[in-house]
Amino acid sequence: MKKQFFEKLKISAVPLPSVLKTLAPFLILTLLWIVIEALIHPFGEFPFSDDWMYARSVNFLVTDGVFKLCDFQAVTLLAQTLWGALFSLFFGFSMTTLRFSVIVLGWVGLGVVYGMMKEATPDRKLAFLGSVTMATTPFYVLFSNTFMTDVPFIVTATASFIFLIRWIKRERLSDLIFGIALACVTSLIRQLAFFIPLSFSVAYLIRKEFKPKAFLVIGLACGMVAGTLFLYHAWLQSFGGVPWMYTVKQGVFRGLLASMNHAFFLKLVGAFFFRMLVVCMYLGIFLFPLMLLLWPVQWERFSPGERRWGGACAAVYGVAVLILLRKLGLTMPLGMDQWFNFGLGCEHVEGGNAYLPKAPRFLWEVLTGVGLVGSAWLVFLATVTVKRFGGALYKKESVSAQWAPVLCLAACAIHFIPFGISGHFDRYQLVYIPFVIFGMMINSGPVSWSTGRLRMAVALVLLALIGYFSVAATHDFMTRNRTRWDVLRYLMIRQGIPPGEIDGGYEFNGWYTYDSNYHKKTGMNWWWVADDQYRISYNPSVEGYVPLHGVSYKRWLPPGEGYIFILKRLAEKRPAGIETSKTVYDF
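Residues numbered from 1 in each chain as written. Predicted model: local features only at pLDDT ≥ 70, side-chain atom pairs only at ≥ 80, totals over all residues. Heavy atoms only, no water.

**Q** Hey, could you run me through the overall build of the chain in this one?
**A** Helices and strands together make up the secondary structure of the chain, namely 20 helices and 8 strands. Over its C-alpha trace the chain gives a radius of gyration of 26 Å, about what one expects of a compact globule, namely 25 Å for 587 residues. With 587 residues in all, the chain has 53% of them scored as buried. Contacts spanning at least 24 positions in sequence make up 76% of the contacts within the chain whose residues lie at least 6 apart. When the 53 positive and 34 negative side-chain charges of the chain are each reduced to one mean point, those points stand 11 Å apart. (Helix = DSSP H or I, 4+ residues; strand = E, 2+ residues; numbered from the N terminus. Rg over C-alpha atoms; globule rule 2.2 N^0.38 Å. Buried < 20%, exposed > 50% of the residue type's maximum accessible area, 1.4 Å probe, protein only. Contact = heavy atoms within 4.5 Å. Lys, Arg positive; Asp, Glu negative; His and termini not counted. Charge placed at Lys NZ, Arg CZ, Asp CG, Glu CD.)

And the structure:
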């Protein structure tokens, strides 16, 4: 009787080796992430860049039960605030807790990127290498160790795209629901999540060849995200909590339009294309190991005409960029913000990064060459995508098969355009990496792992070098800031100096002396400095100041010691004066 009962249940188990084979890539990525974080040692009670204001929102929510945004922030932040508050409820509010909440998302993001790559290729090894490429990207490692919005935004955006891509392929309703829901969540981290439904709309219209049903679906996707942003904005307005900086980009664009003339337009176009060049150069460096592995396979899949068109555009691009860089005397790093010469993490203190170690020029010449070659290959791939799609339209053939590479191109273009016009920080490039890798794998056939061993070895060595830089530079960033904040606490606690008399840098003064009505004072830094009797600096020789103490810290890049100095103003009082024409929002 029992035997018949169990036979009817037809219990079947998945073989253990099959489960391990499926989970192996994610388990290895997990181990890799643990090693990375152990080397970085991500502990320390200090904010970085803008996350001091994001941390304040979490603190308000946890301690007072009130959702409140700082007037100086420009992002929606609600979803990230709730995520940080969840961790704070379990582990207590601290910057370390908030940092670990994003480290967890960084770990999840590696699995998300792997899942996205699996939608592009059936090759598990190739999808795994795509995730490792993401894991070793300097900006991904750095911002996974902060409470900035960069990593939460890209993780939820990529997760949304996985489901939307599955919907395009299979049209399973649950995929559409999850994809749109995650896009709405992403919009509650940054407003620019609207690039998700827009690029999805382009791809889905192409996949369905502009059939009426497609317009209903894209209307739903765009409407849900737009509705989320509209309701959130209305909710903030109803409580009088819309930050001044929340709509600052609108003012930037209005100012650009008001200033528009022929000369200004040419200058704007030049700036737009230069920012695009910077993005391509960075991507060319970060993705070069993967390009080296894939390009022979990709090359075989292109027709002679595609090779000619792609090669011509890549050659024109390469020569033009080389001439431009030589004329301007520029080498990497070209962008502004977080990658400074021999390290990561922009230092918002007196002297900034100018007094931190610098790499030899030869290294930057080599990296510039790598970026030029890598970005030229990206131009090649983009040209092939445009040619295939445009050629099919011209010949009135089906364009349905072109939806995937067009999706990647559209996602990058739509996200870049507003920043290309108004200004682009180097860290924003993080958003493009999953889509560029996805596009590279879409254009690739099966990789012969047995015949491509040399390329594989070189690619792995290059990935290891990029990974070493990412980990070492982030480790140094953490060590510098731990030391800097230990020095600041020494001044406040041991010496009894009030924060209002210290210029401790953007994050310190933002956390302690932020004032929405602040006006920049003559001779002082703009970050809410009330009085600069004491300054923290990497430079011991600042005019009008005398160094009191120099505190050393160990660094990995290059190996050795760095110093942070406590400076005291020579004069008892600074001459009174306020730059009344400028508020903090003008800087």
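Let us keep going from here.
**Q** Hey, could you run me through the sheet that holds strand E7 (residues 560-569) in this one?
**A** Backbone hydrogen bonds are what pair the strands of a sheet, in a parallel or an antiparallel way. One open sheet holds the 4 strands; their spatial order is E3-E5-E7-E6, and the pairing between them is mixed. At either end of the open sheet lies a strand with only one pairing partner, and these are strand E3 (502-503) and strand E6 (545-555). Looking at chain direction, strand E5 (residues 534-537) and E7 are connected through 4 bridges and run antiparallel. If you follow Ile536 over to E7, its bridge partner there is Ile566. (Pairing = 2+ DSSP bridges.)

**Q** Please explain helix H15 (residues 304-328) as it appears in this structure.
**A** Residues spaced three or four apart along an α-helix face the same direction, because each turn holds 3.6 residues. For H15, which comprises 25 residues, the first-to-last C-alpha distance of 36 Å matches the rise-based estimate of 36 Å (1.5 Å per residue) to within 8%. Buried within H15 we find Gly305, Glu306, Gly310, Ala314, Tyr317, Gly318, Val321 and Leu325. In this fold, the buried residues of H15 make contact with helix H13 (262-286), helix H14 (288-301) and helix H16 (361-394). Just past H15, the residue Gly329 takes up positive phi, approximately 70°. (Expected span 1.5 Å × (residues − 1).)

**Q** Would you explain empty space enclosed by the protein in this entry?
**A** To find leftover empty space, a probe the size of one water molecule is rolled over the atoms. Inspection of every chain in the model, using the stated rule, returns 4 cavities of 30 Å³ or more. Taken as a whole, the largest cavity encloses approximately 80 Å³ of empty space. Lining the largest cavity are Phe340, Phe342, Gly343, Leu344, Leu356, Pro357, Ala473, Asp476, Arg480, Tyr553, Arg555 and Leu557. Contributions of two or more residues to the lining of the largest cavity are made by strand E2 (343-344), helix H19 (453-494) and E6. Here the residues of the lining of the largest cavity are counted per class, giving 8 nonpolar, 1 polar and 3 charged. (1 Å grid on protein atoms, 1.4 Å probe; cavity = no way out; pocket = protein on both sides within 12 Å on 5 of 7 lines; lining within 4 Å. Points joined across faces, edges and corners; volume = space filled by probe spheres on them. Nonpolar A, V, L, I, M, F, W, Y, C, P; charged D, E, K, R; others polar.)

**Q** Where do I start with helix H17 (residues 403-422) in this structure?
**A** With 20 residues, H17 extends 29 Å between its outermost C-alpha atoms, agreeing within 8% with the 28 Å of an ideal straight helix rising 1.5 Å per residue. Across the 20 residues of H17, 14 count as buried, placing the element largely inside the fold. In the segment just after H17, Gly423 is the residue with positive phi, at about 135°.

**Q** Looking at this structure, how should I read unusual backbone geometry?
**A** Peptide bonds are mostly trans, and most non-glycine residues show a negative phi. Cis geometry is adopted by the peptide bond preceding Pro333, which originates at Met332 and carries an omega value of -5°. Between Leu557 and Pro558 the backbone carries a cis peptide bond, its omega angle lying at -25°. You can see Pro558 is positioned in the loop between E6 and E7. One non-glycine residue, Glu209, adopts positive backbone phi at about 55°. The partly exposed category is assigned to Glu209, whose relative accessible area is 36%.

**Q** Sorry if this is basic, but what is going on with the state of the cysteines here?
**A** Note: disulfide means a covalent bond formed between the sulfur atoms of two cysteine side chains. For the structure on display, the rule yields 0 disulfides. This cysteine, Cys70, is not joined by any disulfide, and Cys346 carries the nearest cysteine sulfur, 18 Å off. On the basis of relative accessibility, which here comes to 6%, the residue Cys70 falls in the buried class. The thiol sulfur of Cys184 is not disulfide-bonded, and the nearest other cysteine sulfur, from Cys222, lies at 11 Å. (Disulfide = S-S within 2.5 Å.)

**Q** How should the pairing of E7 be read in this particular structure?
**A** Here E6 pairs with E7 via 10 bridges, running antiparallel. Paired with Val551 across the bridge in E7 is Ile564. Taken together, E6 and the strand that follows it, E7, pair antiparallel across an intervening segment of 4 residues.

**Q** What is the right way to read the layout of surface pockets from this model?
**A** For the second largest pocket, the calculated volume is near 830 Å³. Contributing to the lining of the second largest pocket are 31 residues, with Met276, Cys280, Leu378, Ala382 and Leu409 lying nearest its centre. Where the lining of the second largest pocket is concerned, the elements lending two or more residues are H13, H15, H16, H17 and helix H18 (433-442). When its residues are assigned to classes, the lining of the second largest pocket shows 27 nonpolar, 4 polar and no charged.

**Q** Hey, could you run me through the packing of helix H4 (residues 78-91) against helix H5 (residues 95-118) in this one?
**A** Working note: a packed helix pair is described by the angle between its axes plus the distance between those axes. Orientation of H4 relative to H5, taken along the N-to-C sense of each, is 120°, at an axis distance of 9 Å. Considering their axes alone, H4 and H5 lie oblique with respect to each other. Both H4 and H5 take part in a crossing whose hand is right-handed. Across from Trp83, Gly84, Phe87, Ser88 and Phe91 in H4, the residues of H5 making contact are Thr97, Leu98, Phe100, Ser101, Val102, Val104 and Leu105. Grouping the amino acids of the contact of H4 with H5 by side-chain chemistry returns 8 nonpolar, 4 polar and no charged. (Axes fitted to C-alpha atoms, helices over the stretch in contact; angles between N-to-C directions. Parallel < 35°, antiparallel > 145°, perpendicular 65-115°, else oblique. Left-handed = near helix turned anticlockwise from the far one by under 90°.)

**Q** Looking at this structure, how should I read the environment of Trp295?
**A** Relative to the elements of secondary structure, Trp295 occurs in helix H14. Trp295 sits in the partly exposed class, given a relative accessible area of 40%. Residues Trp295 and Trp377, spaced 82 residues apart in sequence, show a C-alpha to C-alpha distance of 8.6 Å.

**Q** Where do I start with the pattern of salt bridges in this structure?
**A** Any two side chains of opposite charge can pair, given that their charged atoms come close. All chains considered together, the criterion is met by 17 salt bridges. The salt bridge partner of Lys208 is Glu171, with a shortest N-O separation of 3.1 Å. Of this pair, Lys208 sits in the loop between helix H10 (195-207) and helix H11 (212-238) while Glu171 is found in the loop between helix H8 (150-170) and helix H9 (173-187), placing the two residues 37 residues apart along the sequence. Looking at Glu171, the relative accessible area reads 28%, which means it is partly exposed. (Salt bridge = Lys/Arg side-chain N within 4 Å of Asp/Glu carboxyl O.)

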